[in-house]
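Below, each chain spelled out in residue letters.
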Number of protein chains: 2
Amino acid sequence: MRNAEKTKERLLQAAEAEFSQSGFSGARVDVICREANVNKRMVYAYFGSKEKLYTAVLHNLYQRLAHRETALLEEYQNSEDTERVIEAIIADNFQFLKDNPSFVRMLMRENLDQIADLSVAMFEKTNAMNLLRRAIERGMASGQLKADLDVDQVLLTLTTLCFSYFSNIHSMSILMKTDFTSDEQIEKRERVLTQMMLSYLRKQEEQRS
Amino acid sequence: MRNAEKTKERLLQAAEAEFSQSGFSGARVDVICREANVNKRMVYAYFGSKEKLYTAVLHNLYQRLAHRETALLEEYQNSEDTERVIEAIIADNFQFLKDNPSFVRMLMRENLDQIADLSVAMFEKTNAMNLLRRAIERGMASGQLKADLDVDQVLLTLTTLCFSYFSNIHSMSILMKTDFTSDEQIEKRERVLTQMMLSYLRKQEEQRS
DNA sequence: TGATAAAGTAAATGAACAGTTACTTATGGA
DNA sequence: TCCATAAGTAACTGTTCATTTACTTTATCA
């Protein structure tokens, strides 16, 4: 009946929903407690303050991301097939962002608010970026990809294209009168982006349909 | 000494700064008043409520955008040169987003919060999107561009790439250890994006260096 | 079994804040 | 010049909310 771990877990989950929905200052500790079915007192017992609860939520989300990235890295770090690696990274990104809408929202808020130190620390450890960078550099060296690519710009483009599909999905749906939140549209977007990026990166003579 | 118009204007400007900085619930009416050097009472006399003040700020920003877009439309709506039109639209987007960081922030917040009715209404009137659509369709018909493009996806890509450079500029600067806010980097990004999009859209045989 | 520490509750406290009220001062037309 | 009205001020009100306090219940192990 009494279980500190479970209670913490429920608080964390409710907090993730509330903070990603309403932001730090918009979020209500009372709402979090109501949703979690936990007494307000426990927030302070377990987390210390609203702010520390927010940080815990953020930390938790970055953990999930890091976990996926590690798996991806292990699978592909020795792959010679540049195009497969790029495809896999895009696919992984799409899957993660689709499965974790609150991650998308929290990251948007981090971009708006101040980029908490925690985020800075996590960004610096990110693996997928390094994997992608190495894949592109290897592809350029081996002649699979164009030789004159600006690697940083390519990374920027690719990362940005994945993330912003999800972060601007609402305004874009209105702007283009299409529901981009459907699975069908998400899959389509992934396909289009992958093809576009590959066709841009590939050497001309290796161009395929 | 007393001037209702000037007072309103000062309030609006201070409100734009405060709302885009802190969001609706994070923004403090007292801060807006202090910055504007205006008594709190006047917010309620002139705008009615915090919420209506927010709406006025948003409206004002959309007006600025619409103004630019109309000018762009007049200049390019009859142009036959698809590539020049695309270049001009990207250039205009970059200029506007660079000059109006609070627009970027407010739009991010609209995406996060709920997309106010006002935003929906403004999105529906947007001109640059239609101009771009027509330019691409014309380019496809005339054979300047690939014939099998998915126009909606291209519009999505282009709009997104411009906006998200500015909206994610902070996390990206950290992630890639580069200050993307400098004029130099902004110009570089515009150049790279323009070239990338054009090289992707062009028919293969018309490919240039 | 019963004492003690952990888990949980309900209600209070006080600060921050949006919105109001009652009042004062400047301005411009009669 | 004076008065009607618009512009502006300062202090107050009521609410919302994060955080605390004082108290109760449950579990565990000596």
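Residues numbered from 1 in each chain as written. Chains lettered and ligands numbered in written order. Predicted model: local features only at pLDDT ≥ 70, side-chain atom pairs only at ≥ 80, totals over all residues. Heavy atoms only, no water.

**Section: the protein's contact with DNA strand D**
And then number 1: Around DNA strand D there are 19 residues in total, and A:Arg2, A:Arg28, A:Lys40, B:Arg2 and B:Ala4 lie nearest to it.
And then number 2: Restricting attention to atoms of DNA strand D within 4 Å of the protein, one finds that 54% of them are sugar or phosphate atoms.
And then number 3: A:Val29 has a polar backbone atom sitting 3.2 Å from a phosphate oxygen of DNA strand D.
And then number 4: Here a phosphate oxygen of DNA strand D and a side-chain polar atom of B:Thr7 are 3.1 Å apart.
And then number 5: Secondary structure elements with two or more residues in the surface near DNA strand D: α2 (29-36) and α3 (40-46) of chain A together with α1 (4-26) and α3 (40-46) of chain B.
And then number 6: Its residues assigned to classes, the surface near DNA strand D shows seven nonpolar, four polar and eight charged. (Near = heavy atom within 4 Å. Polar contact = N/O pair within 3.5 Å; in protein donor to acceptor, adjacent residues only side chain to side chain. Helix = DSSP H or I, 4+ residues; strand = E, 2+ residues; numbered from the N terminus. Nonpolar A, V, L, I, M, F, W, Y, C, P; charged D, E, K, R; others polar.)

**Brief notes about the packing of aromatic side chains**
One pair of aromatic rings is described through two measures. These are the centre distance and the angle between the planes.
And then number 1: Inspection of every chain in the model, using the stated rule, returns 20 aromatic pairs over all chains.
And then number 2: Taken together, a centroid distance of 6.0 Å and an interplanar angle of 25° make the contact between B:Phe94 and B:Tyr165 stacked. You can see B:Phe94 sitting in helix α5 (residues 82-99) and its partner B:Tyr165 sitting in helix α9 (residues 151-167), a full 71 residues away along the chain.
And then number 3: By relative accessible area, which is 2% here, B:Phe94 ends up buried.
And then number 4: Ring pairs connect the aromatic residues A:Tyr62, A:Phe96, A:Phe103 and A:Phe123, which therefore count as one cluster.
And then number 5: The ring of A:Tyr200 has A:Lys146 lying over it, and the distance from NZ or CZ to the ring centre is 4.5 Å. (Phe/Tyr/Trp six-rings, centres within 6.5 Å; stacked < 30°, edge-to-face > 60°. Buried < 20%, exposed > 50% of the residue type's maximum accessible area, 1.4 Å probe, protein only. Lys NZ or Arg CZ within 6 Å of the ring centre and 35° of its normal.)

**Focus: the relation of the copies chain A and chain B**
Comparison of the two chain copies shows a relationship of rotation about an axis with a shift along it.
And then number 1: Here chain A sits on chain B after a turn of 180° about the axis and a move of 0.0 Å along it, with an RMSD of 0.1 Å. Considering both components of the superposition, the chain copies are consistent with a two-fold axis.
And then number 2: A share of 100% of the interface residues of chain A reappears at the interface of chain B, consistent with the copies meeting face to face through the same patch. (Least-squares fit on C-alpha atoms with pLDDT ≥ 70 in both. Contact = heavy atoms within 4.5 Å.)

**Details of the protein's contact with DNA strand C**
And then number 1: Every one of the 19 residues lining DNA strand C counts as a neighbour, but A:Arg2, B:Arg2, B:Arg28, B:Lys40 and B:Arg41 are closest to it.
And then number 2: For DNA strand C, the backbone makes up 53% of the atoms found within 4 Å of the protein, where backbone means sugar plus phosphate.
And then number 3: In the environment of DNA strand C, a phosphate oxygen lies 3.1 Å from a nitrogen or oxygen atom belonging to the side chain of A:Tyr46.
And then number 4: B:Lys50 places a polar main-chain atom, nitrogen or oxygen, 3.0 Å from a phosphate oxygen of DNA strand C.
And then number 5: Elements supplying a minimum of two residues to the surface near DNA strand C: α1 (4-26) and α3 of chain A together with α2 (29-36) and α3 of chain B.
And then number 6: Tallied by class, residues from the surface near DNA strand C come to seven nonpolar, four polar and eight charged.

**Brief notes about the domain arrangement of chain A**
Residue and element names in this part refer to chain A.
And then number 1: If you check the domain split of chain A, you get domain 1 (1-48) and domain 2 (55-203).
And then number 2: Measuring from the centre of the C-alpha atoms in domain 1 to the corresponding centre in domain 2 gives 30 Å.
And then number 3: Taking both sides of the interface into account, the surface hidden between domain 1 and domain 2 amounts to around 760 Å²; carbon and sulfur atoms contribute 58%.
And then number 4: Here domain 1 is connected to domain 2 by one salt bridge.
And then number 5: For Glu16, the salt bridge goes to Arg64, with nearest N and O atoms at 3.1 Å.
And then number 6: Put simply, domain 1 and domain 2 have six residue pairs in polar contact (both at pLDDT 80 or more) between them.
And then number 7: Tallied by class, the residues present in the side of domain 1 that touches domain 2 amount to four nonpolar, four polar and one charged. (Domains from an automatic or database assignment. Buried area = accessible area lost by both parts, 1.4 Å probe. Salt bridge = Lys/Arg side-chain N within 4 Å of Asp/Glu carboxyl O.)

**So, the interface of chain A and chain B**
And then number 1: Chain A puts 47 residues into the contact, and the matching count from chain B is 47 residues.
And then number 2: Carbon and sulfur atoms supply 63% of the area that chain A and chain B bury against each other, a total of about 4400 Å² over both sides.
And then number 3: Across the salt bridge formed by B:Lys188 and A:Asp150, the nearest N and O atoms sit 2.8 Å from each other.
And then number 4: Connecting chain A to chain B are 10 residue pairs in polar contact (both at pLDDT 80 or more).
And then number 5: Those elements that place two or more of their residues in the side of chain A that touches chain B are α1, α6 (101-113), α7 (117-125), α8 (128-142), α9 (151-167), α10 (169-175) and α11 (183-201) of chain A.
And then number 6: For the side of chain A that touches chain B, a count of residues per class yields 20 nonpolar, 17 polar and 10 charged.

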